[in-house]
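One letter stands for each residue in the lines below.
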Amino acid sequence: MLKINNLTFSYHDENIFDGFSLEIKKGDKIWLSGPSGCGKTTLIKLILGLLKAQKGKIELGNLTPSVVFQENRLLPFYTVMQNIELVGGDKEKVKEILSVLGIGETENLYPSSLSGGMKRRAAIARALSVPFDLLILDEAFNGIDEKNLHSTIDCIKKFTDGKTVILITHNPEEAELLGAKKIEINN
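First things first, this report covers the structure right here in the doc. Since the structure is predicted, the reported quantities are computational estimates derived from the model, not experimental observations.

This paragraph deals with the nonpolar core. The biggest cluster of nonpolar side chains holds 35 residues, and the ones touching the most others in it are Ile124, Leu128, Leu135, Leu137, Phe141 and Ile156. Sorting the residues of this core by element identifies helix H2 (80-86), helix H3 (91-100), helix H4 (116-129), strand E6 (134-138), helix H5 (146-159), strand E7 (164-168) and helix H6 (172-178) as the ones contributing at least two each. Ranked by the residues each element gives to this core, the list is headed by H4, at seven residues. Those residues in contact with Ile156 that sit more than four places away from it in its chain are Ile124, Leu128, Leu135, Leu137, Phe141 and Leu178. In this structure, Ile4, Leu43, Leu134 and Ile136 belong to the second largest nonpolar core, which totals 24 residues.

Set out below in C-alpha cells:
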C-alpha cells in the first residue's frame, strides 16, 4: 500500500502541496488528473524520492516501483534490447513484451531509427520487463497512434495484473482503457 500523509512541498515561493494525503491500495489503478502545473509529476518525483517533501510522509510499503517518464530516456548508443537489459530486464521476457507491443523487430535497432511511437513503446517495454509492484506512467502514451494505443494498454494490463498502477494523462480515453479510477489533483 502507498500512503501519502499530510504532504507539504513548494518550489521557492510556489506552494504545490499543503497537507495533501492519499492512500492507494495494492492492485489499484489510479489516474492522477488535473491541469498542467498542478503538481502531478512533482508528486511522482516525491513518491520516487527524486524530490524531498518539506513536511509529511510518503510510505511505499514493500512496493518496488518501475517508471515510464515523460521522456523516453533511451540511450542512443545502445540498441533497444541493450537499453532494456541495462535496467535488468530478462531477455526472454523482453522479447515477449516487445512482440506484444508490436515492436519485436526493433530489439537490435538503435533509438535513432525508431519512430516516436516506437520509442515510447520501447520505454514502456523497459518498465514492464523488470520486477515491480508499482508501475508509474507519466504521459506514457504520447506519440502512440490510436491503433497502437489499444494494444499498448492491453499489454500493460496483461503485465500489471494484481499490481498497482499510477497513470498521469490529459487523455480520459487512456485512463478509461486502463480501467483507472480518477483522482483529481488541484493545488
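Here Thr42 is to be found in helix H1 (residues 40-48). For Thr42, a relative accessible area of 10% corresponds to the buried category. Within the local environment of Thr42, its side chain forms a polar contact with the side chain of Tyr11, the two groups lying 3.1 Å apart. Leave out the neighbours within four places in its chain, and Thr42 touches Phe9, Tyr11, Ile16, Phe17 and Leu51.

In this section: the environment of Ser66. Position of Ser66 relative to the elements: it lies in strand E5 (residues 65-68). In this structure Ser66 comes out as buried when scored by relative accessible area, which is 6%. Considering only alpha carbons, one finds Ser66 and Pro172, 106 residues apart in sequence, at a separation of 22 Å. Not counting chain neighbours up to four residues away, the residues in contact with Ser66 comprise Ala127, Val130, Phe132, Leu134, Leu135 and Ile136. There is a polar contact of 2.7 Å between the side chain of Ser66 and the backbone oxygen of Ala127.

At a minimum axis separation of 9 Å, H3 and H5 run at an interaxial angle of 145°. Taking contact as the criterion, the partners of Lys93, Glu96, Ile97 and Val100 in H3 are, on H5, Cys155, Lys158 and Phe159.

Moving on, we come to the sheet that holds strand E1 (residues 2-11). Within the open sheet, the three strands sit side by side as E2-E1-E4. Their pairing is antiparallel. Every other strand in the sheet has two partners, leaving strand E2 (14-24) and strand E4 (55-59) as the edge strands with one partner each. Going from strand to strand, the sheet's axes swing by 25° on average, the running direction of each strand aside. Looking at chain direction, E1 and E2 are connected through eight bridges and run antiparallel. The partner of Ile4 across the bridge, within E2, is Leu22. The sheet strands contacting H1 are E1, E2 and E4, and the helix crosses E1 at an angle near 120°.

Conventions and cut-offs
- Residues numbered from 1 in each chain as written.
- Predicted model: local features only at pLDDT ≥ 70, side-chain atom pairs only at ≥ 80, totals over all residues.
- Heavy atoms only, no water.
- Core = buried A, V, L, I, M, F, W, Y, C linked by side-chain atoms within 4.5 Å.
- Buried < 20%, exposed > 50% of the residue type's maximum accessible area, 1.4 Å probe, protein only.
- Helix = DSSP H or I, 4+ residues; strand = E, 2+ residues; numbered from the N terminus.
- Contact = heavy atoms within 4.5 Å.
- Polar contact = N/O pair within 3.5 Å; in protein donor to acceptor, adjacent residues only side chain to side chain.
- Axes fitted to C-alpha atoms, helices over the stretch in contact; angles between N-to-C directions.
- Pairing = 2+ DSSP bridges.

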